[in-house]
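# Commentary on secondary and tertiary structure
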2 protein chains.
Amino acid sequence: MKVLTKKTDYAIRALLMLGSKRGVYLSAKAISTEQDIPYQFLRGLLQEMIRHDLIISKEGAQGGFMLKKDPDEIPIAQLIEIFQGKVQVSECMFRKQLCANRARCVLRHEIMRIEQVVNSEFDKVTIGKLIRDLDAANGMTHGSGETA
Amino acid sequence: MKVLTKKTDYAIRALLMLGSKRGVYLSAKAISTEQDIPYQFLRGLLQEMIRHDLIISKEGAQGGFMLKKDPDEIPIAQLIEIFQGKVQVSECMFRKQLCANRARCVLRHEIMRIEQVVNSEFDKVTIGKLIRDLDAANGMTHGSGETA
DNA sequence: TTAATTGATATCAATATAGTATCAGTTCAA
DNA sequence: TTGAACTGATACTATATTGATATCAATTAA
Ligand code: FES
Ligand code: FES
């Protein structure tokens, strides 16, 4: 069971790069090369993120992409929703004979509770948080540098 | 993002039926009909569950399937693992430049923490618990009967 | 003996995921 | 003012996963 698909995975990495270099345009090529993401595939993801107002772009030479939203306001739950659709545990698992009344179905509640827990966990982790974690981890490794 | 696939969904429903009728063999046909599960597809799932020691079978006329384990000891986490594979968030999301040291990678920890939360939630819900919830729900609807 | 069953497998269809290709339009800079 | 470096838009292909079907041998109860 794969929780994050390549799309989400790549999108997160692209956003991490954009989030680390605020105020400048990064090209799809640069991100693709640096993160080992298939170029055209990445292009599609970036366009999708523009549509969702996460980033902006600038055409032409020296163009590229830049974060639009505050990284702290981009939970990976949103990226999962964009690239993998809303988290849904099951349409309606227990039909007919097994479950007489949908309205007050306890099972359904159980399942939806889990759904919410999962969502809330993914909501807690934002691009901003990941960037800070990343900086901290790299800081520990080699002083205050961030080259490698 | 679909959390439960048809396989898991069907398997849970089959187990709920088996768990509601302890001590007798239920045929694949009966389960298939009652739960609207494609017959041969279900057969495959049942065989898989035999291999995992969740149920036993009896061949021949009047044969069928019966629970082997206590329903309270069948968490749906196990069914997810059997039919959808272990929950894995991502192989290694942040490679190369972004993440210098795998060993103490904070991001990795973050991701794995979510993984554990998800798993533990699915671990809490057992077939036994679902059956009790179900009975309670049906009980509310139409007295103490359990026909419909 | 035969109908009702499971065991074991092979195959197919549908869908989702991952990745590629192409061309038009925009912008910077030589 | 031209061309290289870019994005916008979209069509296409390949691969993997999921969902479903088909077949036939072996077993068992009536
Ligand atoms: S789970 Fe669908 S009505 Fe109860
Ligand atoms: S996430 Fe892979 S090493 Fe940090």
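These lines cover the structure that appears in this document, whether it is placed above or below. (Residues numbered from 1 in each chain as written. Chains lettered and ligands numbered in written order. Predicted model: local features only at pLDDT ≥ 70, side-chain atom pairs only at ≥ 80, totals over all residues. Heavy atoms only, no water.)

With that out of the way, let us pick up the overall build of chain A. Regarding its fold elements, chain A presents six helices and two strands. When the helices and strands of chain A are listed from N to C terminus, the series reads α-α-α-β-β-α-α-α. Restricting to contacts in chain A with at least 6 residues of sequence separation, those with at least 24 account for 65%. (Helix = DSSP H or I, 4+ residues; strand = E, 2+ residues; numbered from the N terminus. Contact = heavy atoms within 4.5 Å.)

For DNA strand D, the set of nearby residues contains 27 residues, the closest of which are Arg43, Ser57 and Phe65 of chain A together with Phe41 and Gly60 of chain B. Here DNA strand D approaches the protein such that, of its atoms within 4 Å, sugar and phosphate make up 57%. Within the side chain of Gln47 of chain A, an N or O atom sits 3.3 Å from a base nitrogen of DNA strand D. In this structure, Gly60 of chain A approaches DNA strand D through a main-chain N or O atom, which is 3.4 Å from a sugar or linking oxygen. (Near = heavy atom within 4 Å. Polar contact = N/O pair within 3.5 Å; in protein donor to acceptor, adjacent residues only side chain to side chain.)

It is worth spelling out the protein's contact with DNA strand C at this point. Near DNA strand C lie 28 residues; those nearest to it are Gly60 of chain A together with Ala28, Arg43, Ser57 and Phe65 of chain B. When the atoms of DNA strand C within 4 Å of the protein are sorted by group, sugar and phosphate make up 62%. Within the backbone of Ala61 of chain A, a nitrogen or oxygen atom sits 3.1 Å from a base oxygen of DNA strand C. Gly60 of chain B is positioned with one of its backbone polar atoms (N or O) 3.5 Å from a base oxygen of DNA strand C. Counting residues per element, the ones that place at least two in the surface near DNA strand C are helix H1 (6–20) and helix H3 (39–51) of chain A together with helix H3 (39–51), strand E1 (55–58) and strand E2 (64–67) of chain B. The class makeup of the residues in the surface near DNA strand C is nine nonpolar, eleven polar and eight charged. (Nonpolar A, V, L, I, M, F, W, Y, C, P; charged D, E, K, R; others polar.)

All names here are of chain A. Put simply, H1 and H3 touch, their axes get as near as 10 Å, and they point 75° apart. One way to sum up the angle between H1 and H3 is to call them roughly perpendicular. Side by side, H1 and H3 meet where Lys6, Lys7, Tyr10, Ala11, Ala14 and Leu15 of the first sit next to Phe41, Leu42, Leu45, Leu46 and Met49 of the second. Class assignment of the residues belonging to the contact of H1 with H3 gives a composition of nine nonpolar, no polar and two charged. (Axes fitted to C-alpha atoms, helices over the stretch in contact; angles between N-to-C directions. Parallel < 35°, antiparallel > 145°, perpendicular 65-115°, else oblique.)

Time to look at the nonpolar core. Counting 78 residues, the largest nonpolar core has Met49 and Leu79 of chain A together with Met49 and Leu79 of chain B as the members making the most contacts within it. Contact partners of Met49 of chain B, with chain neighbours within four places excluded, come to Ala11, Ala14, Leu15, Leu54, Ile55, Leu79 and Phe83 of chain B. (Core = buried A, V, L, I, M, F, W, Y, C linked by side-chain atoms within 4.5 Å. Buried < 20%, exposed > 50% of the residue type's maximum accessible area, 1.4 Å probe, protein only.)

Residues and elements named next belong to chain A. A full pass over the atoms with the stated rule returns two aromatic pairs over all chains. Ring geometry for Tyr10 against Phe41: centres 5.8 Å apart, planes inclined by 90°, an arrangement best described as edge-to-face. Taken together, the residues Tyr10 in helix H1 and Phe41 in helix H3 connect sequence positions 31 residues apart. Here Tyr10 falls in the buried class, since its relative accessible area comes to 8%. (Phe/Tyr/Trp six-rings, centres within 6.5 Å; stacked < 30°, edge-to-face > 60°.)

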